[in-house]
Amino acid sequence: MKRLCETNASRIGGLPAEVIRRLLTFLPVKEASRTSLLSREWRHRWRSIPQLVFDDSFAPAPEKGDCSPDDGKFLMHIYEALLLHEGPITKFELAIPGLGRCHPKLDLLMLYLSSKGVQELTLLFSGTGRCGRLHSALFSAIHLKRLTLQRCRFTPPSGFEGFPKLTHLQLANLWLPLNFFEHVLPKFPLLEELRVLPGCYGYKELAFVAPSLKVLSFHSTLWKLCFKHTPVLSVVSVLDPGLCNYAEDNFADDVPDMVRLFESLPALQHLNLGVELLLSLAAAPHVPCQLPTSLRNLKFLEIPRLLLDRLPQAQVLVCLIMSSPNLETLTIRVIANLVELLEAEDHPGVCRLQHLKEFNIRDSRGTQVELDLVRFVLATAPLLHRISVLPLKELSSKKVVRFLKEVTLYKRISKEAELKYLWDDEVDNS
């Protein structure tokens, strides 16, 4: 047994230094430091890894009734690890459960990291109480390429010149300045991906000025939306933070111009609309049948949830479909009058869905309206090869099977021979 252990230790210790270093980068700091026990060659190797991750493996989650861990104790352990560390730090992640009340104690940490040339920084705070203000030293980290922040106050100093190398930014449960999207965001000239998760507040309107932005995922409270300068923005996902009591009257004073909104997105390829934005567009005095500027690059359109089955929302959806001649994937929840509107707006002999390859229905109720829409898509989409229907959970299996038989019967008399019907796995196939 002793000889076997020595053999295994020699094999582990015989790995090239670069391989050991690479393996250690995938481990949190606490686990990486324990590798010193493996062999002499592994001893203290963790002290030079460029990626430091302090997560729940470093500190156990607080017990019930405790709002946070012993912040001072865990911060002291972090400082000790940093004192032992040698070399550059390219990635730093702090995600200890419950850590949120000690932002003043983190000032030294921000000062230290800003001088180490950190390129990827993740600060995920939690706990209760007011969000703490980040130290101004963070805003001098000019080498940052990826930044993820949660539950803190993002307040740049007056002389903030921006992050010239930042390409990815993710924000959650964050306080933002009023003019963040219009005046602060342009100071990130290379920003390619922006994700705003639920809980962000403080801003007044969404006026995006981001010349390099390619992906926008916005899942927080929506105010007035405007794309002032986003020439390469290709993926837009504007979803709602949660189910709310929406009413179309709520948007009477702040209705976005649908024509101008999409004219500002010349590179749009993937669009995912939530209820809030859909209602705001539907609240306009007039919804055009078709946009004057065609969305020629749009290939993926998704509107997964509708709370109100009203005509203006259907008109917005039809306008987007009619304005997207190269649409390949359409995912919607079927609403009344959609087929009638599509047939009314379509020109005889012109196929508006000539490039559609995939059609998805969400929250299906197995209604005649949905069946009519499937038939319409089959008749106008010659390249269609996949239909996905996800029924409501409360929908009976008998109704699902009946709906499937109706669609299959129509498919048999159509020219499409390789169409596939995919149903949710939870639905009883019997």
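In the annotation of an unreviewed UniProt entry, the chain is listed under the name F-box domain-containing protein and assigned to Linum tenue.

**Some thoughts on helix α5 (residues 107-114)**
If you check which residues of α5 are buried, you get Leu 109, Met 110 and Leu 113. In an axial view of α5, the angular spread of the buried residues amounts to 100°, which keeps them on one side of the axis.

**Observations concerning the confidence of the model for the chain**
Looking at the chain, pLDDT values average 76 and 65% of them are 70 or higher. Mean pLDDT across the elements of the chain bottoms out in helix α1 (residues 2-13) (50) and peaks in strand β6 (residues 193-196) (96). Confidence over residues 243-253 falls short of pLDDT 50; this stretch has 18 contacts with residues more than four positions distant or in other chains. Overall, residues 415-419 carries pLDDT values under 50, and its contacts beyond four positions in sequence, including any with other chains, amount to 11 contacts.

**Focus: unusual backbone geometry**
Positive phi values are uncommon outside glycine, yet Arg 151 reaches one of about 55°. As for its placement among the helices and strands, Arg 151 is situated in strand β4 (residues 146-153). Judged by relative accessible area, which is 18%, Arg 151 ranks as buried. Despite not being glycine, Asn 173 has its phi angle at roughly 50°, a positive value.

**Things to note about the environment of Asn 360**
Relative to the helices and strands, Asn 360 resides in strand β14 (residues 358-364). You can call Asn 360 buried: its relative accessible area is 3%. When the C-alpha atoms of Asn 360 and Arg 333 are compared, they prove to be 8.4 Å apart, with 27 residues separating the residues in sequence. Within polar-contact distance, the side chain of Asn 360 engages the side chain of Thr 331 at 2.8 Å.

**Overview of the nonpolar core**
With 104 residues, the main nonpolar core has Phe 92, Phe 181, Phe 188, Phe 262 and Phe 359 as its most contacted residues. The biggest single contributor to this core is helix α9 (residues 311-322), with eight residues. Setting aside chain neighbours within four positions, we find Phe 262 in contact with Leu 268, Leu 271, Leu 281, Leu 291, Leu 295 and Leu 320.

**A look at helix α8 (residues 275-282)**
Within α8, eight of the eight residues are buried, which leaves the element mostly enclosed by the surrounding structure. Val 275, Glu 276, Leu 277, Leu 278, Leu 279, Ser 280, Leu 281 and Ala 282 are the residues of α8 that are buried.

**Quick word on the pattern of salt bridges**
Overall, the coordinates contain three salt bridges when judged by the stated rule. As a salt-bridge pair, Lys 228 and Glu 182 come within 2.4 Å of each other at their nearest N and O atoms. Here Lys 228 is found in strand β9 (residues 224-229), whereas its partner Glu 182 is found in helix α6 (residues 180-184), with 46 residues between them in sequence. On the basis of relative accessible area, Glu 182 is assigned to the partly exposed category, the value being 24%.

Scoring rules and cut-offs
Residues numbered from 1 in each chain as written. Predicted model: local features only at pLDDT ≥ 70, side-chain atom pairs only at ≥ 80, totals over all residues. Heavy atoms only, no water. Buried < 20%, exposed > 50% of the residue type's maximum accessible area, 1.4 Å probe, protein only. Helix = DSSP H or I, 4+ residues; strand = E, 2+ residues; numbered from the N terminus. Arc of directions from axis to C-beta. pLDDT = per-residue confidence, 0-100. Contact = heavy atoms within 4.5 Å. Polar contact = N/O pair within 3.5 Å; in protein donor to acceptor, adjacent residues only side chain to side chain. Core = buried A, V, L, I, M, F, W, Y, C linked by side-chain atoms within 4.5 Å. Salt bridge = Lys/Arg side-chain N within 4 Å of Asp/Glu carboxyl O.

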